[in-house]
Structure formats: C-alpha cells, structure tokens
Amino acid sequence: MATNHGESRSQRTAGSRERGAGGSVAAAIREGITSGEFAPEQRLVEADLSARFGTSRSAVRSALLQLTEEGLVEREQNRGARVRAVSLDEAVEICEVRMMLEGLCAAKAAERVGDEHAAELREVGDRMRRLVGEGDVLGYSEANQLLHRRIRELSGQHTAGAVLERLRAQSVRHQFRLSLQPGRPTVSLPEHLAIIDAIGSHDPEAAERAMRTHLGSVIGALKEVTPGSSLRV
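Bear in mind that the values here come from a model prediction, so they are computed numbers and not experimental data.

Peer 1: Which residues make up the overall build of the protein chain, and what values do they have?
Peer 2: Within the protein chain, the regular secondary structure consists of 9 helices and 3 strands. Moving toward the C terminus, one meets the helices and strands of the protein chain in the order α-β-α-α-β-β-α-α-α-α-α-α. Relative to its full complement of 233 residues, the protein chain shows a buried share of 42%. By sequence separation, contacts in the protein chain at least 24 residues apart represent 74% of the contacts at least 6 residues apart. If you sum the accessible surface of the protein chain, you get close to 12,400 Å²; carbon and sulfur atoms cover 48% of it.

Peer 1: Lay out the pattern of salt bridges in plain terms, naming residues and giving numbers.
Peer 2: Two side chains carrying opposite charge are able to pair once their charged atoms lie near each other. Overall, the coordinates contain 18 salt bridges when judged by the stated rule. A salt bridge links R52 to E37; the nearest nitrogen and oxygen atoms lie 2.0 Å apart. With a gap of 15 residues between them, R52 in helix α2 (residues 46-53) and E37 in the loop between α1 (2-35) and β1 (43-44) connect regions that are remote in the sequence. Its salt-bridge partner being E46, residue R57 comes within 3.6 Å of it at the nearest N-O pair. Of this pair, R57 sits in helix α3 (residues 57-69) while E46 sits in helix α2, and the two are 11 residues apart along the sequence. Note on R57: relative accessible area 46%, which makes it partly exposed. Overall, E46 belongs to the buried group, its relative accessible area being 14%. Bridged by salt links that share partners, the residues E46, R57, R61 and R75 form one connected network.

Peer 1: Give me helix α9 (residues 204-223): which residues, what numbers.
Peer 2: Taking 1.5 Å of rise per residue, 20 residues should cover 28 Å, and α9 covers 29 Å from first to last C-alpha, within 8% of that figure. Buried within α9 we find A206, A207, A210, M211, H214, L215, S217, V218, I219, A221 and L222.

Peer 1: Summarise the packing of helix α4 (residues 88-112) against α9; cite the residues concerned and give the values.
Peer 2: The packing of two helices is summarised by the inter-axis angle and the distance between the axes. For the pair α4 and α9, interaxial distance at closest approach is 7 Å and the crossing angle is 165°. Judged by the angle between their axes, α4 and α9 are roughly antiparallel. Taken as a pair, α4 and α9 cross one another with a handedness that is right-handed. Of the residues in the contact of α4 with α9, the class split is 16 nonpolar, 2 polar and 7 charged.

Peer 1: I'd like to hear about the environment of D203, residue by residue, with values.
Peer 2: Looking at where D203 falls in the secondary structure, it is placed in the loop between α8 (184-200) and α9. Remark: the alpha-carbon pair of D203 and A106, spanning 97 residues in sequence, is separated by 9.5 Å. Beyond its immediate sequence surroundings of up to four residues, D203 is in contact with A110 and A198.

Peer 1: Describe unusual backbone geometry, with residues and values.
Peer 2: Within the chain, E41 stands out as a residue other than glycine whose phi angle is a positive 70°. Residue placement: E41 occurs in the loop between α1 and β1. Despite not being glycine, H202 has its phi angle at roughly 60°, a positive value. Along the chain, H202 falls in the loop between α8 and α9. H202 sits in the partly exposed class, given a relative accessible area of 40%.

Peer 1: Help me get a handle on the environment of R152, residues and values and all.
Peer 2: Topologically, R152 is positioned in helix α6 (residues 137-155). Overall, R152 belongs to the buried group, its relative accessible area being 9%. For the pair R152 and A162, spaced 10 residues apart in sequence, the C-alpha to C-alpha distance is 9.2 Å.

Peer 1: Tell me about the packing of helix α5 (residues 115-134) against α6, and name the residues and values.
Peer 2: In the contact formed by α5 and α6, the axes pass within 9 Å of each other and the chain directions differ by 165°. Viewed along their axes, α5 and α6 adopt a mutual orientation that is roughly antiparallel. In this structure, α5 meets α6 at a crossing whose hand is left-handed. Within the contact between the two elements, α5 uses H117, E120, L121, V124, R127, M128, L131 and V132 and α6 uses G139, Y140, A143, N144, L146, L147, R150, I151 and L154. When the residues that make up the contact of α5 with α6 are grouped by side-chain class, the tally is 11 nonpolar, 3 polar and 3 charged.

Here is what the cut-offs are and how they apply
- Residues numbered from 1 in each chain as written.
- Predicted model: local features only at pLDDT ≥ 70, side-chain atom pairs only at ≥ 80, totals over all residues.
- Heavy atoms only, no water.
- Helix = DSSP H or I, 4+ residues; strand = E, 2+ residues; numbered from the N terminus.
- Buried < 20%, exposed > 50% of the residue type's maximum accessible area, 1.4 Å probe, protein only.
- Contact = heavy atoms within 4.5 Å.
- Areas by Shrake-Rupley, 256 points an atom, 1.4 Å probe, with all protein chains shown as cover.
- Salt bridge = Lys/Arg side-chain N within 4 Å of Asp/Glu carboxyl O.
- Expected span 1.5 Å × (residues − 1).
- Axes fitted to C-alpha atoms, helices over the stretch in contact; angles between N-to-C directions.
- Parallel < 35°, antiparallel > 145°, perpendicular 65-115°, else oblique.
- Left-handed = near helix turned anticlockwise from the far one by under 90°.
- Nonpolar A, V, L, I, M, F, W, Y, C, P; charged D, E, K, R; others polar.

Structure representation (structure tokens):
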C-alpha cells in the first residue's frame, strides 16, 4: 500500500513538472509568435519544438493546447498545430474590445496613480515625442507598447489586464504594421500624450475618453488597410 502511495505521489509530482514545463514552453512559443519569429500559418512541429527548448514532447503538447485556448495556435486533425493567422476584420474586432477595456484601465489608473508613477508615464511620453522627432518608428512602437502595459498595470484591474494581454498577443502583428505606416506615429503621439495628461491629472473621465479616442483612431486606420495591402501597423 505504501508503495502504491509512493507511486501515486511520484506520478503527481511528474505531472506537476510537466505542467510547469508546459507553461514555460508556452511562454517561449508565445514570445516567438508575438515577436514574429513564428509566422502566421507556420507549422509548429512537436519534435522540433521539443529539441529546440530541450523539453519533452508532452510538455510541448501541453503548451500548444494552452496556446490554442488563447487563440494563438490552431490545430488541424492529422496536420498538427500551426500559428493562427488573424485577419484584419478580427483585428478590428479586437480593437473594439480593447477600446472598452483599456478605457476602463485608463480611468482606474487615473484614480490610483501616485506622483512617482505619473512622472514615469510623462517620461514615456517624452521618449515617444523624441522618437517621433528622430523618425525612430521601431523605438516608438516599443514605447507605445510600454505605455499601454504600464497603464494596465497601474489600473490594478487584473481581470481586464489578463484579457488585454491575450488580445494583444493575437493582434500584435497588425499593431506593429500600423505603427510603421507612414505618418501614423505623428497621429498617435498627441493621442498618447492626452492619455498621459488625463491620468496625471487624476481625471478618470478624461482618461477613459482619451483612450477610447486613441483606439477609435487605431480602428479607423485598420479599416483603411485592404487585405492585400503591404502597409504595416
């Protein structure tokens, strides 16, 4: 009986390790998808991923199931897994959901922000202004992501933050392409600065309005991109 109990504990421990490894592999694959290392519709072969990340195929399989639930991967019978391609229409829908949730986060951030964090947001705004002046669209895109992430974190709205992080991962390629569209940073910079000013002024209504205005602008820009266009967000 004791031996059976020992085996049961060992099995539970092994299962726990596999789940932990699966989560780590999922994070690595997720980062590869959001960074563009794994392209839309690229096949994700369990054996290749197992060798690449130095883990078991079971852990890779668990990771792919998790990413399928997140909408980043799709699985086809007898064909395995591949990176899910997000259409422009779906990217617009994602932005419409983001408009509601990020508006909420901006309002909450305005209610909660202290002087130190308000100064931090202003520093990000100053960096964005400088990057636009230098024509550094890649740096601007990174600062843009940082600003939105810090607002989510400062809001203290963990449920909205978790949903937004999943949506961001799904639509990151369209967001990146839009940021590289000629003239787009010049349009979005004052929108971001308005968000920062409203949060720093502890004005929840203005912060929510500024965020919704910004994401409405993003939606408008996305709708102008035709499916076959080579424009980049």
